[in-house]
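Listed here are the chains, written in short residue letters.
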Amino acid sequence: MGKTADQTAVQKAIIDTLKQEGKTQKEISERIGCSQSVVSRHLSGKSVGRKKCGRKRCTTRRGDQTLRKIVQKDRFQTLGDLRKQWTESGVETSRATVYMHVQEMGYRCRIPQVKPLLNQKQWQKQHWTVAQWSKVLFSDESTFCMSFGNQGARVWRKTGERERPKCLKSSVKYPQSVMVWGAMSAAGVGPLCFIKGRVNVASYQEILEHFMLPSAEKLYGDEDFIFQHDLAPAHSAKTTGKWFTDHGITVLNWPANSPDLNPIENLWDIVKRKLRNTRPNTLDELKAAIEASWASITPQQCHRLIASMPRCIEAVISAKGFPTKY
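Residues numbered from 1 in each chain as written. Predicted model: local features only at pLDDT ≥ 70, side-chain atom pairs only at ≥ 80, totals over all residues. Heavy atoms only, no water.

Looking at an unreviewed UniProt entry, the protein carries the name TCB1 transposase, with the source organism given as Polypterus senegalus.

What follows is the structure in structure tokens.
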């Protein structure tokens, strides 16, 4: 027969109280719901805690501290790397033991958040009000692939460490199946443009003519607006600048690599999250899924993003160019 659980401090106090009241051991056991032998052992002073079950811990406190330092030194190490370094420090264990100890420390193996670092020029932006940011038509290109496979190396991090520099993975641009151009403002989103091939000066000016101007007409009507785009080669070309001058459109001075500052990045993220469970078999199915997700974005969502711009700019300035939660 297995051992019964040890009596709690409260139960022991109740036993002592009932004994002082003159209750018998049988009455006490019935009162607190335990066997009479348990009551007898406690009153006679023979009651002791149960011996701990399970295998004895194979590491010391010092060894656990060594493992903690190894994890904190490089968050992108694999379980095998952690075990190797821990073994070299004098602690011989299995991969399962390493994993168990890392879990006990509060670390979980997660896919790292990807955020490029911003340089000083990029985070020194002027302080605008929500009303001023509402006059800006934001634009950007994004890429979508046909399927979502392995997302790369994982990182050991604790809850709340998603944005820590040690837990971030550097990103690189590489060609995807579909490139999409879009625009948004506080009033909503404009029509999408699916880009064929690489974006050069000629193709970008066609996008401006056939998609940017209709977006401005839809979102601003006859009101003045400021157009935002990054400093990609096709965007910063002299002929593109002349196109804006000829059309009387003011362009916002904007850095080339600034996902922390552009609210349309949040909309791309919304679309991509909606596509995670989608498995299109053809390019047309992928485009249809992207358009449906984009069309489901409401003006209220866009307005909330624009309203967060003053806080976003302040956060970037406070972080001195390092990643923020935006």
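Still more to cover.
So, the overall build of the protein
Just so we agree on the cut-off: Helical segments are the DSSP runs of H or I of at least four residues, strand segments are the runs of E of at least two, and each set is numbered from the N terminus. Accessibility here uses a 1.4 Å probe with only protein chains present; expressed as a share of the type maximum, an area under 20% marks a residue as buried, one over 50% as exposed, and anything in between as partly exposed. Contacts are assigned to residue pairs with any non-hydrogen atoms lying within 4.5 Å of each other. We get accessible surface area from the Shrake-Rupley algorithm with a probe of 1.4 Å; when it comes to residues, only the shown protein chains can shield them.
The secondary structure content of the protein amounts to 15 helices and eight strands. Within the protein, the fraction of its 326 residues that count as buried is 37%. Across the protein, every contact between residues at least 6 apart in sequence was considered, and the portion connecting residues at least 24 apart equals 77%. When the accessible surface of the protein is totalled, it reaches about 19900 Å², and 51% of it is carbon and sulfur.

Remarks on the side chain of Q77
Note the threshold: Two N or O atoms form a polar contact when they lie within 3.5 Å of each other; inside protein one atom must be a possible hydrogen donor and the other a possible acceptor, and for residues adjacent in sequence the pair counts only when both atoms belong to side chains.
Residue placement: Q77 occurs in the loop between helix 4 (61–73) and helix 5 (79–88). What makes Q77 buried here is its relative accessible area of 7%. At a separation of 3.1 Å, a polar atom in the side chain of Q77 contacts the main-chain carbonyl oxygen of D74.

Details of the environment of V91
As for its placement among the helices and strands, V91 is situated in the loop between helix 5 and helix 6 (95–104). Considered as a pair, V91 and G63 are 28 residues apart in the sequence and their alpha carbons are 6.7 Å apart. In this view, V91 contacts T59, G63 and W86; residues no more than four positions away in its chain are not counted.

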